[in-house]
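Here is how the chains run, residue by residue.
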Amino acid sequence: MVFSFSKWRPSRLGLKLFAAILSVNVAISASMFLAVSYSIDRGFLDYLSQAQERRAMLLADGLITRWETQNNWQWLENKPRRWPNIVRFELGQEDRERPSPLGEARDFALRAPDGRFVIPPMDNRTGSSDWRWLTLYSNDLEIGELGFRPPQQMLERMENHFLERQQRNLMIIVISIGLASLLLAAGLSWWLSRRTRALAIATRQLTEGNYHSRLPERGRDELSRLARDFNVLAATLEANRDARSRWVSDTAHELRTPLAVLRGEIEAMQDGIRPLNQENLFSLAQEVAQLERLVADLRLLSQSDAGALDIHLAPMDLSESLTSRLEDADRWLKESGLTLTTHIAPGVMIRGDAQRLHQLWNNLLDNSCAYTDAPGKLQVTLGIQHHHAVITWQDSAPGVPESELARLTERLYRVEGSRNRASGGSGLGLSIASALVNAHGATLKASSTPLGGLCWTLRFPLLTVH
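Computed from a prediction, not measured in an experiment: that's the story for all the values here.

A. The arrangement of helix α12 (residues 429-439) in detail. For α12, a buried count of eight out of eleven residues is recorded, marking the element as mostly surrounded by other parts of the structure. Within α12, burial applies to Leu430, Ser431, Ile432, Ala433, Ser434, Ala435, Leu436 and Val437. Positive backbone phi, at 70°, marks glycine 441, one or two positions downstream of α12.

What follows is the structure in structure tokens.
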């Protein structure tokens with residue numbers, strides 16, 4: 001098995017993600033270090049100052065007690081080596097093997113009332129001018145002054161050791177964060193690169209016309225939703241391509257049939273087989289009319305697809321429009337052997353185009369008359385449900401299989417065995433009906449009916465009065 005580096009090479013998005021994670025982690029580490037440094041500079045210095053003052057008070061009380069026993073400092077001047085033990089004892093550090101770095105004897109000094117040093121400041125490069133001094137009293141008598149080193153000088157003494165430790169710790173933290181960032185960024189960039197590369201490949205195939213490509217849908221994150229949307233887009237484009245091919249093929253077939261009839265009849269007249277009389281001219285005119293209807297229907301559907309359908313919506317009475325058309329179609333229905341039953345609620349107002357709705361009723365009537373066996377029934381109802389005007393248009397047998405219902409509004413689609421050119425026209429009537437319904441912001445749905453035929457349910461938004 002040959003390992004291909006290019007296959008696992010991170011994408012630009014992965015590299016950007018890597019840089020972002022690394023930068024954020026380094027910035028967080030630097031911010032934490034600055035925050036700790038600021039805390040030490042401000043809060044820790046105050047803490048040291050208060051702690052040193054408490055130690056000085058404890059040591060002062062002990063020295064006052066020792067002075068009252070001796071009534072002088074001569075005992076300490078003669079033996080200054082006692083000073084570290086006294087400091088440790090008075091500060092409660094005599095049991096410790098090592099004294100606290102914040103309470104060492106060199107951090108304190110003692111001088112007599114006359115100003116001479118009993119215990120001079122030790123390891124003090126700047127002298128005692130910046131030390132703090134606490135006056136010692138015994139029965140209101142000044143017996144001396146206790147000096148203690150300010151916290152700033154104590155910090156200077158600890159600075160080198162502290163900084164070395166902090167720098168070492170910070171280096172460990174930065175290296176750890178860097179390694180963690182590298183691992184995290186590498187894993188994320190690999191994961192993201194793999195998924196985005198698959199999306200890029202599928203998108204390239206899609207632009208090249210390969211609509212069969214699909215992306216795996218794993219998880220519930222945004223990339224999974226993007227993959228799902230991509231698959232829907234690919235399926236839609238594939239369906240549209242197939243529908244366009246079928247549409248062009250069906251349109252050519254529909255045009256070829258009347259043109260072939262026209263050509264045959266004209267050639268027959270030219271050859272003298274059929275006489276050039278009124279009856280044969282009427283037959284030619286019928287074929288031309290059929291072509292005109294087909295071209296008009298195709299033009300209407302193309303306008304609907306382009307969103308340029310000529311429609312003018314205005315407040316209108318849907319009940320009156322539907323009732324008027326059904327009354328005018330009474331003779332047409334009787335000739336087709338259909339009995340009409342209506343239940344139309346009065347005064348149902350919508351925003352609609354009267355001319356387009358008249359065309360919609362004609363297409364539905366034509367569909368029922370063409371595909372309903374005589375004697376048959378047609379039942380039309382109009383009511384109001386949930387702020388919508390609802391029309392149910394039901395006819396009797398024959399019905400349509402459940403699997404075919406969703407395809408009835410497809411262009412030039414005919415149900416096998418029930419739709420044919422002789423009775424069904426061009427096969428565009430229901431497609432036009434669907435386009436007209438959509439132009440009104442309404443919906444059209446096909447279903448089965450207890451009458452044995454087909455039921456169309458139309459839902460129009462009611463007119464809103466402001």
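B. How the structure looks around the pattern of salt bridges. Counting across every chain of the model gives ten salt bridges. Here aspartate 114 and arginine 116 are joined by a salt bridge, their closest N and O atoms 2.6 Å apart. Residue classification places arginine 116 among the partly exposed positions, given a relative accessible area of 38%. One salt bridge in this structure joins glutamate 335 and arginine 331, with 3.3 Å as the shortest N-O distance.

C. Seen up close, the environment of glutamate 104. The topology assignment puts glutamate 104 in the loop between α4 (82-90) and β1 (108-111). A relative accessible area of 19% means that glutamate 104 is categorised as buried. In the structure, glutamate 104 is positioned 16 residues away from arginine 88 in sequence and 7.6 Å away in space, judged by C-alpha atoms.

D. Summary view of the nonpolar core. Formed by 43 residues in total, the largest nonpolar core has its most connected members in Leu360, Trp393, Trp456 and Phe460. For this core, the secondary structure elements donating two or more residues are α7 (278-305), α8 (318-328), α10 (354-371), β8 (376-385), β9 (388-396), α12, β10 (443-448) and β11 (452-461). Membership of the second largest hydrophobic core comes to 23 residues, among which are Trp73, Trp75, Trp83 and Ile119.

E. Highlighting the sheet that holds strand β3 (residues 132-138). Read from one edge to the other, the open sheet built from four strands follows the order β2-β1-β4-β3, with strand pairing classed as antiparallel. On the outer flanks of this sheet lie β2 (117-119) and β3, each paired with one strand and no other. The sheet shows a mean angle of 30° between the axes of neighbouring strands, direction not considered. The pairing of β1 with β2 spans two bridges and is antiparallel. Across the sheet, residue arginine 111 finds its bridge partner in β2, namely phenylalanine 117.

F. Focus on the side chain of serine 434. Looking at the element boundaries, serine 434 is found in helix α12. What serine 434 contacts, discounting residues up to four positions off in sequence, is Thr409 and Leu444.

G. Representation of the packing of aromatic side chains within the structure. As enumerated under the stated definition, the model contains two aromatic pairs in all. Where tryptophan 73 meets tryptophan 75, the ring centres are 6.5 Å apart and the plane angle is 35°; that geometry is what we call tilted. Above the plane of the ring of tryptophan 133 lies arginine 111, whose end atom (NZ or CZ) is 3.8 Å from the centre.

H. Spatial organisation of the pairing of β10. Here β10 pairs with β11 via six bridges, running antiparallel. Across the sheet, threonine 443 pairs through a bridge with arginine 459, a residue of β11. The antiparallel pairing of β10 with β11 creates a hairpin that spans three residues between the two strands.

Reading the values: rules and limits
Residues numbered from 1 in each chain as written. Predicted model: local features only at pLDDT ≥ 70, side-chain atom pairs only at ≥ 80, totals over all residues. Heavy atoms only, no water. Buried < 20%, exposed > 50% of the residue type's maximum accessible area, 1.4 Å probe, protein only. Helix = DSSP H or I, 4+ residues; strand = E, 2+ residues; numbered from the N terminus. Salt bridge = Lys/Arg side-chain N within 4 Å of Asp/Glu carboxyl O. Core = buried A, V, L, I, M, F, W, Y, C linked by side-chain atoms within 4.5 Å. Pairing = 2+ DSSP bridges. Axes fitted to C-alpha atoms, helices over the stretch in contact; angles between N-to-C directions. Contact = heavy atoms within 4.5 Å. Phe/Tyr/Trp six-rings, centres within 6.5 Å; stacked < 30°, edge-to-face > 60°. Lys NZ or Arg CZ within 6 Å of the ring centre and 35° of its normal.

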